[in-house]
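Summary of the model geometry
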Amino acid sequence: MGGASSKSHLEITRMPPADPRSSPANSPVVVGYLAALVMTAAATVLAVSVDLGVTIPNLSLIFVVPVVIAGASFGLGPSLCSAILGALAYNFFLTEPRYSLAVSDPANVWAIALLFVVGLVVSSVAFTSGRRATDAASLRRQTTVLQGFSRDIVAADKPEAIVSLTSEALAGVFEVPAVVMLVTDDAVSVKQIVGAVELQDTELGAALQSLAAQTAARAGVYPAVTSRFDFWPVVTARGQSAVIGLAFDPAERPSKPEMLVDIVRVVLELALDRQLSPAGGNARSAG
């Protein structure tokens, strides 16, 4: 980055934002199923204890509680598991003959079946409600990040600052590693990575090819077969070229990331054009 060089090259790697998968709704699958098992076991102990002391109608509804909690906290799979375990536990511990899956009273068959159906319905409702709450929280977070990005980039007067703000905004919106590169004369002049990843040579080649072809390149799909990043080309009205990259987890890739990427891309284009405009240059010189 000395004065003799005609190009500047900036590469900064920062730690990624908090991993959204650490929240209860995104906990590992095994944890969700273990939680469903533990909650159903606790409900069984409570139901058996109550049944030993007093006779309460609709005691089976105790087993609905773990279904609701599992659906809201861990997803549909653990919730369905809790519904099945609850129906089996109610049959085994609370219907005659006790401690057997056999059912002597036909009325109990209907009670067990009804408990299972109620569990299925409640698990579906709880899962849907939890998903909507998670989506709403994610939308609020993304909106806040984009608002801050739009506000902060107005004050950015250097390519490095623009690239830095853009990469941080992308990482904040999607909560995955992000890279933004400015390309001059077919070479990367400014690059910033947010996230604990390094851009490989093959990924850099895929990014430049995406820019040359003016088409997005998805990770794992030609020409980005070995790339972990999805790339989007950016070309401003004044001819500045850039590439945006996001390293999604293949199992958790959003269905349409382009919608939010396009918002960031448009803001990036405007900021770069402003920085390259004569008015922008004069403002910087005066400063």
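As a reminder, the structure under discussion sits directly above these lines.
The paragraphs below set out a description of the structure included in this document. It should be emphasised that the depicted structure is a prediction, and the values quoted were computed from it without experimental measurement.

Some thoughts on the nonpolar core
Core analysis: the biggest nonpolar cluster contains 29 residues, and Ile153, Ile162, Leu170, Phe174, Ile244, Leu246 and Leu268 have the highest contact counts within it. Listed by contribution, the elements that provide at least two residues to this core are helix 4 (106-154), helix 5 (159-174), strand 2 (178-184), strand 3 (187-194), strand 4 (230-235), strand 5 (241-246) and helix 7 (258-276). The greatest single-element share of this core, amounting to 7 residues, is contributed by helix 5. With residues up to four places along the chain from it excluded, the contact list for Leu268 reads Ile162, Thr166, Val180, Val234, Ala242 and Ile244. Counting 16 residues, the second-largest nonpolar core is a separate cluster that includes Val197, Ala207, Ala217 and Phe229.

Description of the environment of Leu59
Within the secondary structure layout, Leu59 lies in the loop between helix 1 (29-53) and helix 2 (64-74). Among the residues examined, Leu59 registers a relative accessible area of 10% and is labelled buried. Residues Leu59 and Ala47 lie 12 residues apart in sequence; the distance between their C-alpha atoms is 6.7 Å. The residues touching Leu59, leaving out its near neighbours within four places in the chain, are Ala47, Val50, Asp51 and Leu94.

As for the pattern of salt bridges
Summed over the entire model, instances satisfying the criterion amount to 7 salt bridges. In this structure, the salt-bridge partner of Arg253 is Asp230, at a minimum N-O distance of 2.6 Å. In this pair, Arg253 sits in the loop between strand 5 and helix 7 while Asp230 sits in strand 4, placing the two residues 23 residues apart along the sequence. The pair formed by Arg253 and Asp230 is uniform in burial state, with each residue classed as buried. A network of salt bridges, in which partner residues are shared, links Asp51, Glu96 and Arg98.

A closer look at helix 7
An ideal rise of 1.5 Å per residue puts 27 Å on 19 residues; helix 7 measures up with 26 Å between its terminal C-alpha atoms. Along helix 7, the positions that sit buried rather than exposed are Val261, Val264, Arg265, Val267, Leu268, Ala271, Leu272, Asp273 and Gln275.

Points about the packing of helix 2 against helix 4
Where helix 2 meets helix 4, the closest approach of the two axes is 7 Å, and the angle between their N-to-C directions is 25°. Here helix 4 runs roughly parallel to helix 2, going by the angle between their axes. As helix 2 packs across helix 4, the resulting crossing turns out to be right-handed. Residues Val64, Val67, Val68, Gly71 and Ala72 of helix 2 lie in contact with helix 4, whose contacting residues are Leu115, Val118, Gly119, Val122, Ser123, Ala126, Phe127 and Gly130. Taken together, the residues of the contact of helix 2 with helix 4 sort by class into 9 nonpolar, 4 polar and no charged.

Calculation notes
Residue positions within a chain follow its written sequence, with the count starting from 1. Where local features are concerned, this predicted model is filtered to residues with pLDDT of at least 70; where side-chain atom pairs are given and counted, the filter is 80 or more; whole-chain, interface and lining totals use all residues. Working from all heavy atoms in the structure, the side-chain values ignore hydrogens and water. Definition of nonpolar core: a set of buried residues of the types Ala, Val, Leu, Ile, Met, Phe, Trp, Tyr and Cys, connected through side-chain atoms within 4.5 Å. Only protein chains enter the calculation, and the probe is 1.4 Å; a residue is then buried if its accessible area is under 20% of its type maximum, exposed if over 50%, and partly exposed in between. Numbered from the N terminus, helices here are DSSP runs of H or I no shorter than four residues, and strands are runs of E no shorter than two. Note on definitions: a residue-residue contact is assigned when non-hydrogen atoms from the two residues lie within 4.5 Å. By definition, a salt bridge exists where a carboxyl oxygen of Asp or Glu is found within 4 Å of a side-chain nitrogen of Lys or Arg. Residue count minus one, scaled by 1.5 Å, sets the expected span of a helix. All axes are obtained by fitting lines to C-alpha atoms, using only the stretch in contact for helices, and the reported angles, taken between N-to-C directions, cover 0 to 180 degrees. For this classification, under 35 degrees means roughly parallel, over 145 means roughly antiparallel, 65 to 115 means roughly perpendicular, and everything else is oblique. Crossings are assigned a handedness: left-handed for a near helix turned anticlockwise from the far helix by less than a right angle, right-handed for a clockwise turn. Each residue receives one of three labels: charged for Asp, Glu, Lys and Arg, nonpolar for Ala, Val, Leu, Ile, Met, Phe, Trp, Tyr, Cys and Pro, and polar for the others, Gly being one of them.

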